[in-house]
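Analysis of the macromolecular model
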Amino acid sequence: MKSYDSDHRHRRAARKGMDGEYFGIHNSKLHKILKNKLGPAANAYLIADGGTCPYRYQLGLSADTIAVEATMVEEGNGKSDDTL
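Below, the structure is looked at part by part.

Okay, the overall build of the protein next. For the protein, the count of helices and strands is two helices and two strands. Traced from its N-terminal end to its C-terminal end, the protein shows the element sequence α-α-β-β. A total of 84 residues make up the protein; the buried ones form 12% of that total. With the model as given, the accessible surface of the protein reaches about 7100 Å², and the carbon-plus-sulfur share is 53%.

Now for a positive patch on the surface. A cluster of basic residues, Arg 9, Arg 12, Arg 15, Lys 16 and Lys 29, forms a positive patch on the protein surface. The topology assignment puts Lys 16 in the loop between helix H1 (4-14) and helix H2 (20-38). Taking the relative accessible area as the measure of exposure, Lys 16 reaches 82% and is therefore exposed.

The next thing to look at is the side chain of His 31. If you trace the backbone, His 31 turns up in helix H2. Relative accessible area serves as the criterion here: at 18%, His 31 is assigned to the buried category. From its side chain, His 31 meets the backbone oxygen of Ile 47 in a polar contact 3.1 Å long.

A few words on a nonpolar patch on the surface. A grouping of Leu 59, Ile 66 and Val 68 is seen on the molecular surface, where their side chains present a nonpolar patch of about 310 Å² in accessible area. Locating Leu 59 in the fold gives a position in strand E2 (residues 58-59).

The next subject is unusual backbone geometry. For the bond running from Cys 53 to Pro 54, omega is -10°, close enough to zero to count as cis. Relative to the helices and strands, Pro 54 is located in the loop between strand E1 (47-48) and E2.

Thresholds, definitions, all that
- Residues numbered from 1 in each chain as written.
- Predicted model: local features only at pLDDT ≥ 70, side-chain atom pairs only at ≥ 80, totals over all residues.
- Heavy atoms only, no water.
- Helix = DSSP H or I, 4+ residues; strand = E, 2+ residues; numbered from the N terminus.
- Buried < 20%, exposed > 50% of the residue type's maximum accessible area, 1.4 Å probe, protein only.
- Areas by Shrake-Rupley, 256 points an atom, 1.4 Å probe, with all protein chains shown as cover.
- Patch = residues over 30% accessible without salt bridge, like charges linked within 9 Å, V, L, I, M, F, W, Y side chains within 5 Å.
- Salt bridge = Lys/Arg side-chain N within 4 Å of Asp/Glu carboxyl O.
- Lys, Arg positive; Asp, Glu negative; His and termini not counted.
- Charge placed at Lys NZ, Arg CZ, Asp CG, Glu CD.
- Polar contact = N/O pair within 3.5 Å; in protein donor to acceptor, adjacent residues only side chain to side chain.

Written as structure tokens, this is what we have:
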């Protein structure tokens, strides 16, 4: 379960952008969680770096498969089994 302090810390860290180390650590954790939960189906949802410098991060999903929905989460009450 995420705590308020953890959520606040992540928001504060991302407010001015992320450095490469911060992004790499959290992207690695995200990959691990997705692979654990989705198995082989996770590949389409993993953030890829394109393999060459300069890195261009992208998802393997096509644009027509992505939908954005607005959700409201009460401050400090977000619940999750996995914390990034």
